[in-house]
Amino acid sequence: MRNVQRKWLFALMSMMVIMVLTACGSGKNSSASTSSNAAEKSSDTDASISGAAGNKSHLNIALFWLGSSLDPAEEWNGWTLTRAAIGETLIQFDEHMKMVPKLADKWDRVDDTTWHFHIRDGVTFHNGNPVTADAVKKSIERSISLNERGQSTLPIASMAAKGQDLTIKTTQPDASLLGNIAEPLFIIVDTSADTSKFKSAPIATGPFMVTGYTPDQEIQVKKYDGYWGGAADLDTMTLKYIKDDSTRALALQSGEIDAASNIGRSNMSLFQDTSQYTIDEIPSLRTQFVWFNTSHPLLSDPKVRRAISYGIDRERYANTLVGGQAAKGPFTSALPFGYDKLKGYNYEPDKAKQLLDEAGYKDTDGDSIREKDGEKLSLQLILNAAYESDSVVAAAMQSQLKEIGVGLELTSYEDLTDHQKSGNYDLALTSINTGITGDPQYILDFYFKTGAEWNVGGYSNPKLDQLIEGLHSEFDVEKRYALAAEAQQLILDDAAYMFLTYTPINIVSKSNVKGAAMYPIDFYLLDRNIKVEQ
């Protein structure tokens, strides 16, 4: 089944690439929000949704990603818990990326290194224990001790808890603390419970609590009657992990599931019948981009990286392949620190060829691939096999770069992490959420600073490091954004990465499913408002 889908997807990708590269597509973007046409609904579609009087209501939801377990303090698992409405942080972002109260109902900065939070009264964990400031303190301490990004994300010197009041002192001025503490790594859990069971049954505070978990397959939840915001209408959910974009769409079309996030662009036409489906699609904070492995001999020359950057047509990719917008820098202009004024790379194949000439690469044997000192300018691009948007863009890049004399071999993996971390690649294509803290510092620190955990391409610019470091102590918002703009331009000037598109995100649900809505920051998905309408 999976192989058949892959072959079908490959054929579709090829057709799309040909259309893009030869037909000079006009690039129509499908609409934001609302629904659309449809496909057939199988006769058992409604079997998964009940809710008639006297019956329990239940939904099957497809997730495109599932972490290694359900313990939010490990790896990136917290993102699953916030998406599934199981876990909550002190602060949350709303649909406008404004920070709003969650478990903390108010907060203030006492001085440059001191913050005060008041923990909402009347909140209980899923086991009924009260959420006090001391419980919050111990939960944050646990996340920091178990996750290597905890200390760098929250540089805490000390915490003091009294009643519902929590005071945090940081080791240095930390202007981005509020956004950082909203990261799902800091979901508040009850550390007085048996934490050894958190991998399959965390005790958190959300409107739904875990009743079953099968690694790599699904999570089962039921509503928590003691939820501080009022118990959800929906009784139970099964959250199924369906990684492949096309398989997820087919599962929704067949009625196996009732709602799915991130349906691929090529499948959206299946769900255009508004009587059967509702589509909520919005611009996301995700940027699709390519890491250059700058330690690779061919890519250590900035002229080669710039030539490749000029050799691809982002506008066509955005308009005809994945939707969204052509990218300039790491941050979408939907964020206040994403700048349209940055000087990026347009599609200029002649300029790309000139740069390769200057770098000494010529096609001397007539095979359309340039070489220098007997070595072909042929590179490997790795990508994730499950993501349609990456596959179609990679195929387009392969075709376009050949026109300037650069060979590109595409290699797909189920997971890129090990290959990127080991440096076993030339170029790596993926997309990341660059607005996860509502502030530029986290991503700049994490991806672009010398030696950073995910600076896996080995890029280093001391001036950039200095700018990023300066963000820690700059509390003036406009000055922070100016520093971020300067940092982004340095990254672009060095062509250390290649930014492709700012991708849209969506959730598609059956028309009688209400309350399924996307947030720009995609570690939220469901909340207590999800329900089945009769």
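Structure: above.
Owing to the predicted nature of the structure, the values given are computational and were not obtained by experimental measurement.

Thresholds, definitions, all that
Residues numbered from 1 in each chain as written. Predicted model: local features only at pLDDT ≥ 70, side-chain atom pairs only at ≥ 80, totals over all residues. Heavy atoms only, no water. Helix = DSSP H or I, 4+ residues; strand = E, 2+ residues; numbered from the N terminus. Buried < 20%, exposed > 50% of the residue type's maximum accessible area, 1.4 Å probe, protein only. Contact = heavy atoms within 4.5 Å. Salt bridge = Lys/Arg side-chain N within 4 Å of Asp/Glu carboxyl O. Core = buried A, V, L, I, M, F, W, Y, C linked by side-chain atoms within 4.5 Å. Pairing = 2+ DSSP bridges. Right-handed = clockwise from strand over helix to strand, strands pointing away.

K.L.:
Can you break down the side chain of His-419 residue by residue, with the values?
P.N.:
Among the structural elements, His-419 can be located in helix 11 (residues 417-422). Taking the relative accessible area as the measure of exposure, His-419 reaches 18% and is therefore buried. Those residues in contact with His-419 that sit more than four places away from it in its chain are Ile-382, Tyr-413, Asn-424 and Tyr-425.

K.L.:
Hey, could you go over unusual backbone geometry for me, with residue numbers and the actual values?
P.N.:
A positive phi is found at Asn-262, a non-glycine position, where the angle reads about 55°. If you trace the backbone, Asn-262 turns up in the loop between strand 11 (259-261) and strand 12 (277-292). A positive phi angle, close to 75°, is found at Ser-368, a residue other than glycine. Mapped onto the secondary structure, Ser-368 falls in the loop between helix 9 (349-358) and strand 14 (371-372). Under the relative-accessibility criterion, Ser-368 is labelled partly exposed at 38%.

K.L.:
Provide a residue-level description of the pattern of salt bridges, including the pertinent values.
P.N.:
The tally for this structure, following the rule as stated, stands at 27 salt bridges. Between Asp-112 and Arg-109 there is a salt bridge whose closest N-O contact spans 2.8 Å. Across the pair Asp-235 and Lys-223 runs a salt bridge whose closest N-O atoms are separated by 3.5 Å. Linking Asp-235 in the loop between strand 9 (218-223) and strand 10 (236-241) with Lys-223 in strand 9, this pair joins segments that are 12 residues apart in sequence. Judged by relative accessible area, Lys-223 falls into the partly exposed class, the value being 22%. In the salt-bridge network here, residues are joined through shared partners; they are Asp-365, Asp-367, Glu-371 and Lys-376.

K.L.:
I'd like a description of the nonpolar core, backed by residues and values.
P.N.:
In this structure, Trp-291, Val-393, Met-397, Tyr-447, Phe-448 and Tyr-497 are the most contacted members of the largest nonpolar core, which totals 81 residues. Apart from the residues within four sequence positions on either side, Tyr-447 is in contact with Phe-289, Trp-291, Ile-432, Ala-452, Trp-454, Asn-455 and Tyr-497. Counting 60 residues, the second-largest nonpolar core is a separate cluster that includes Leu-178, Ile-282, Val-513 and Val-532.

K.L.:
Tell me about the pairing of strand 17 (residues 407-413), residues and numbers included.
P.N.:
In this sheet, strand 17 lies alongside strand 16 (residues 378-384) in parallel orientation, the contact comprising seven bridges. If you follow Gln-380 over to strand 17, its bridge partner there is Glu-409. The parallel pair strand 16 and strand 17, bridged by helix 10 (residues 388-403), forms a crossover whose chirality is right-handed.

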